[in-house]
Amino acid sequence: MRGLLLLSCLSALAWGQTASEWAARGRSAYEAEDYGEAVFLFRKAHRLAPDHKLLRTNLATSLLALARQQLDAFDFRAARLTALEAVEVGGENAPLLYLLALISVKASEDERARPWLNKLLELEPLHLRGLELLGYIEYRGNRTAAAVDAWRRIAEESRSEKLLRLLRKAEKDLAIEQGFHGWETTHFNIRSDDAVADPLPKLVGDALEDAYTSVGYRLGVYPERTISVLIYTSETFEELANVDWARGMYDGKIRLAVGGLDEEQRNDLAALLRHEYAHVLIHELSARVPAWVHEGLATWLDGSSVVAAQERLRAAGELPRLAALGRSFTNIKSARQARLAYDLSLCFVERLSDSWGEVRLVDWLRAMNQADDAEAAFEEIFATSVADEEGKLRKELGKEP
Ligand SMILES: [Zn+2]
């Protein structure tokens, strides 16, 4: 169902001038990509000529296009309702079933996607994007073997670099997770290396449930899907993260190194888990958040001391520039440079929160979904530029703006 089936033979149709007029206007609106208007007009035509097959098909096609547009605008609820109306009008078909599954996944309701994917794969067992999406929810749900299975079925045909990268990553995970055991808390699926001694995994589960409530409250986000967590020994984690200064990371799953902690590090565990869980929620708000915003906010939300960060920044020589901090802080190999990057990002976020309040930070994250980049979203929400605010912060820290 790519376009409308309505051609230029409108006047020859036997279902009356009024319906054909509405349909003609609906077609113009569809061609102008005004799908909301097209749906409105085709609905009118369909009501006047309910038995006309072509009209029914065109209404369903317009509904599908509108639902895609609503999904692109992150209006998941509207997208789902529109897609369900399309099913009602035109019946189930592969593009609609895929779209309904995708809406659920984007809305972080993975289990609601499953029935739609099952129907889709019954209809087309090798539906490329359907199997890709199925693999994605299996992987995100800590069912690595099932994810590998789904992705292997399409790896050859899909030829997508992104898919192959994901498959390689999942295969590597699968090999590592051979000796893992797992369990569920209310909101988390946790799998831990058998070599990580009790009671650490239990402590992780409890602290994460606390974070679900406390960090969730600050950002106003409570995901419906189960969040996956993997607990490694320090050695395995270091290999995965490729840096020696980190103890946790989030790449769609929370990955932690909590084996062999001393007393003090155990006390830090709650802060580490608030930090990693903050990444989960920031990602829920927008998938287009740059690393320094992610880290600044997560460090702000984990309760790190701003005063200590300011002191370290004042004492440091040259400070990095936010825009130059790259796509992930794990690209920073020096622990000292990484510390400065976290401190600077934290102080920037703290200044914003102090001046405008935390709610505005959430508005900024949401605005990133629609804007060209984080800077453009920043100007929209704060009516000033990142560079200007960064300059003020640097001056406060005794540096060149
Ligand atoms: Zn982080």
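Residue numbers here run from 1 along each chain, matching the order of that chain's written sequence. pLDDT decides what is reported in this predicted model: residues at 70 or higher carry local features, side-chain atom pairs at 80 or more are listed and counted, and totals for whole chains, interfaces and linings draw on all residues regardless.

K.L.:
How would you explain the environment of His187 if you had to name every residue and give the values?
P.N.:
Strands here mean DSSP runs of E at least two residues long; helices mean DSSP runs of H or I at least four residues long; both are numbered from the N terminus. Tracing the sequence through the fold places His187 in the loop between β1 (180-184) and β2 (188-193). Residues with at least 20 other C-beta atoms within 10 Å of their own are called buried, those with 12 or fewer are called exposed, and the rest are partly exposed. The C-beta atoms themselves are positioned from the backbone. Residue His187 is classed as partly exposed on the basis of its 19 C-beta neighbours within 10 Å. Sequence separation of His187 and Arg159 is 28 residues, and the distance between their C-alpha atoms is 35 Å.

K.L.:
How would you summarise the domain arrangement of the protein chain if you had to cite specific residues and measurements?
P.N.:
Each domain's limits were defined by an automated method or a database of domain assignments. Assigned domains of the protein chain: these are domain 1 (10-177), domain 2 (185-274) and domain 3 (286-401). Each of domain 1 and domain 3 has a C-alpha centre, and these two points are 37 Å apart.

K.L.:
Tell me about the nonpolar core, and name the residues and values.
P.N.:
We define a nonpolar core as a collection of buried residues of the types Ala, Val, Leu, Ile, Met, Phe, Trp, Tyr and Cys that are connected via C-beta atoms lying within 7 Å of each other. If you look at the biggest cluster of nonpolar residues, it comprises 62 residues, and the most contacted ones within it are Val229, Ile231, Tyr277 and Leu297. The greatest single-element share of this core, amounting to 9 residues, is contributed by helix α15 (residues 335-356). Looking at this core, you find at least three residues from each of domain 2 (185-274) and domain 3 (286-401). Residue pairs are scored as contacts if the distance between their C-beta atoms, which are placed from the backbone, is within 7 Å. In this structure Ile231 touches Ile190, Ser192, Asp193, Val196, Pro201, Val204, Leu256 and Val258, once residues within four positions along its chain are discounted.

K.L.:
Kindly report on the packing of helix α5 (residues 94-106) against helix α7 (residues 128-140), identifying the contributing residues and their values.
P.N.:
At a minimum axis distance of 10 Å, the contact between α5 and α7 shows a crossing angle of 25 degrees. One way to sum up the angle between α5 and α7 is to call them roughly parallel. Seen from above, α5 lies across α7 with left-handed handedness. Residues Tyr98, Ala101, Leu102 and Val105 of α5 form the contact with α7, whose own contacting residues are Arg129, Gly130, Leu133, Tyr136 and Ile137. Three classes are used: nonpolar for Ala, Val, Leu, Ile, Met, Phe, Trp, Tyr, Cys and Pro, charged for Asp, Glu, Lys and Arg, and polar for all others, with Gly counted as polar. Taken together, the residues that form the contact of α5 with α7 break down as 7 nonpolar, 1 polar and 1 charged. Note on geometry: axes are lines fitted to C-alpha atoms, helical ones only across the stretch in contact, with angles between N-to-C directions running from 0 to 180 degrees. Here is the rule for angles: anything less than 35 degrees is roughly parallel, anything more than 145 is roughly antiparallel, 65 through 115 is roughly perpendicular, and the remaining ranges are oblique. Crossings are assigned a handedness: left-handed for a near helix turned anticlockwise from the far helix by less than a right angle, right-handed for a clockwise turn.

K.L.:
Give me the lowdown on the confidence of the model for the protein chain, citing residues and values where you can.
P.N.:
Across the protein chain, pLDDT averages 91, with 94% of residues at or above 70. With pLDDT under 50 throughout, residues 7-12 is counted as low confidence; its partners more than four residues away or in other chains account for 4 contacts. Predictor confidence is given residue by residue as pLDDT, running from a minimum of 0 to a maximum of 100.

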